[in-house]
Amino acid sequence: MALKEGLRTWKRHFRLLFLLIVGLSGLLLYGIPGLRHLEIFIPMGTCPPARMLLLRDNFTGLLRLWARPEVLTCTSWGAPIIWDGTFDPDMAQQEAIQQNLTIGLTVFAVGRYLEKYLARFLETAEQHFMVGQRVVYYVFTERPAAVPRRPLGPGRQLRVERVLRERRWQDVSMERMRTLHAALGGRLGREAQFVFCMDVDQYFSGAFGPEALAESVAQLHAWHYHWPRRLLPYERDARSAAALAVDEGDFYYHAALFGGSVAALRQLTAHCARAQQQDRARGIEARWHDESHLNKYFWLHKPAKVLSPEFCWSPEIGQRAEIRHPRLLWAPKEYALVRD
Ligand code: UD2
């Protein structure tokens, strides 16, 4: 009898605890914005001291990963996570000049995204993106004549490529992988050695230099970098080519910014385009479209460098002490205005 009663009480407590956890997660996810800041108390983990002292980078030499003890500065596979204060921007600048690089920056501006975001994206890129390096912008749009043309800094060029306008915004977003793959196999791939691929609905607010370069580069998503792995918004439908099981995934990466060498990006875009095609053939679509497939790719092929959320921050979250120097900011999302 006493055992039964005890079991019942335990069950009741367990149910209450479960509801509390679900409720709190819901609040953090969708509810009171102030409460969101509590997530900074969820530990990100620490980089082992032995690794911290040894991690070098092609562009910045020895990294000062110990300079940011409050955040995670390396991954379990030994890639650096780049935060303000961990690298020497001047050394990265010199190294890139010495390597005589051309760095590509691709952006899609289809439909109303063009008038709404492109001018600011390009203007601020001129002020902050790889200043002092040779840069080639590739703008993909269905209306090349509408692309704003402003004088560019020395060694910087703008190329405009025509794309077909997909009917659904989801298809515009996903189709980028196939288009990028083709472009990387063509003139873009011949002109540049490293390329960054970005969303247009954002703008630069601080120096974004060669310290961000590496063979493959992934961006920690500003809204999810403190979350436990189980809660990350990966695709969970096992029928999708983007699916990750509950015990899979390292971080949640943001598709608004990824980069790497031409060869690495050819592989990444081929994988994502193929996976999206497989899903389409099965009549399914991953939860976060190209972003879900990108996350699957980086789970299978670990990035050589990870950028902290300082490299792509959402001002909607507000200020945080650990976000010292945001370099790229999300523009306010105005879906009703720009999406059909
Ligand atoms: C999120 C991701 C985005 C992508 C998308 C897929 C952010 C900031 N970005 O963006 O990387 O994974 O989810 O669901 O969270 N575009 C056009 N015209 C269109 C539609 C899209 O040019 O009609 C381009 C444009 O460059 C845009 C990008 O595709 O920035 C991504 O689309 P989005 O910004 O509408 O998607 P969003 O904000 O949900």
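Residues numbered from 1 in each chain as written. Predicted model: local features only at pLDDT ≥ 70, side-chain atom pairs only at ≥ 80, totals over all residues.

### Examining the site of the ligand
Next, step 1: Surrounding the ligand, one finds 19 residues, the nearest of these being Val 110, Tyr 113, Asp 199, Ala 255 and Glu 291.
Next, step 2: Looking at the shell around the ligand, the elements with two or more residues in it are helix H6 (169-184), strand S10 (253-261) and helix H9 (290-300).
Next, step 3: A total of three residues in the shell around the ligand trace back to one element, the largest contributor, which is H6. (Near = placed C-beta within 6 Å. Helix = DSSP H or I, 4+ residues; strand = E, 2+ residues; numbered from the N terminus.)

### A closer look at the UniProt feature "binding site: Mn(2+)" (unreviewed entry) in the protein
Next, step 1: The positions UniProt marks with the feature "binding site: Mn(2+)" (unreviewed entry) are Asp 199 and Asp 201.
Next, step 2: Tracing the backbone shows Asp 201 in the loop between strand S7 (194-198) and strand S8 (202-204).
Next, step 3: Excluding its chain neighbours within four sequence positions, the residues that come into contact with Asp 201 are Tyr 113, Tyr 117, Trp 330 and Ala 331. (UniProt positions renumbered as here; feature names shortened; annotations may be inferred. Contact = placed C-beta atoms within 7 Å.)

### Quick look at the packing of helix H8 (residues 262-281) against H9
Next, step 1: Here H8 crosses H9 at 125°, and the two axes come no closer than 9 Å. The angle between H8 and H9 places the two elements in the oblique class. Regarding H8 and H9, the two cross each other, and that crossing is right-handed. Where H8 abuts H9, its residues Leu 268, His 271, Cys 272, Ala 275 and Gln 276 lie against Asp 290, His 293, Leu 294, Lys 296 and Tyr 297.
Next, step 2: Looking at the contact of H8 with H9 residue by residue, the class counts come to five nonpolar, three polar and two charged. (Axes fitted to C-alpha atoms, helices over the stretch in contact; angles between N-to-C directions. Parallel < 35°, antiparallel > 145°, perpendicular 65-115°, else oblique. Left-handed = near helix turned anticlockwise from the far one by under 90°. Nonpolar A, V, L, I, M, F, W, Y, C, P; charged D, E, K, R; others polar.)

### Describing the domain arrangement of the protein
Next, step 1: Along its sequence, the protein is carved into domain 1 (2-31) and domain 2 (44-338).
Next, step 2: Of note, the centres of domain 1 and domain 2, computed from C-alpha atoms alone, are 39 Å apart. (Domains from an automatic or database assignment.)

### Some points on the pairing of S10
Next, step 1: Of all nine residues making up S10, eight are buried, and the element is well covered by its neighbours.
Next, step 2: In this sheet, S10 lies alongside strand S9 (residues 216-220) in antiparallel orientation, the contact comprising four bridges. Across the sheet, residue Ala 218 finds its bridge partner in S10, namely Phe 258. (Buried ≥ 20, exposed ≤ 12 C-beta atoms within 10 Å, placed from the backbone. Pairing = 2+ DSSP bridges.)

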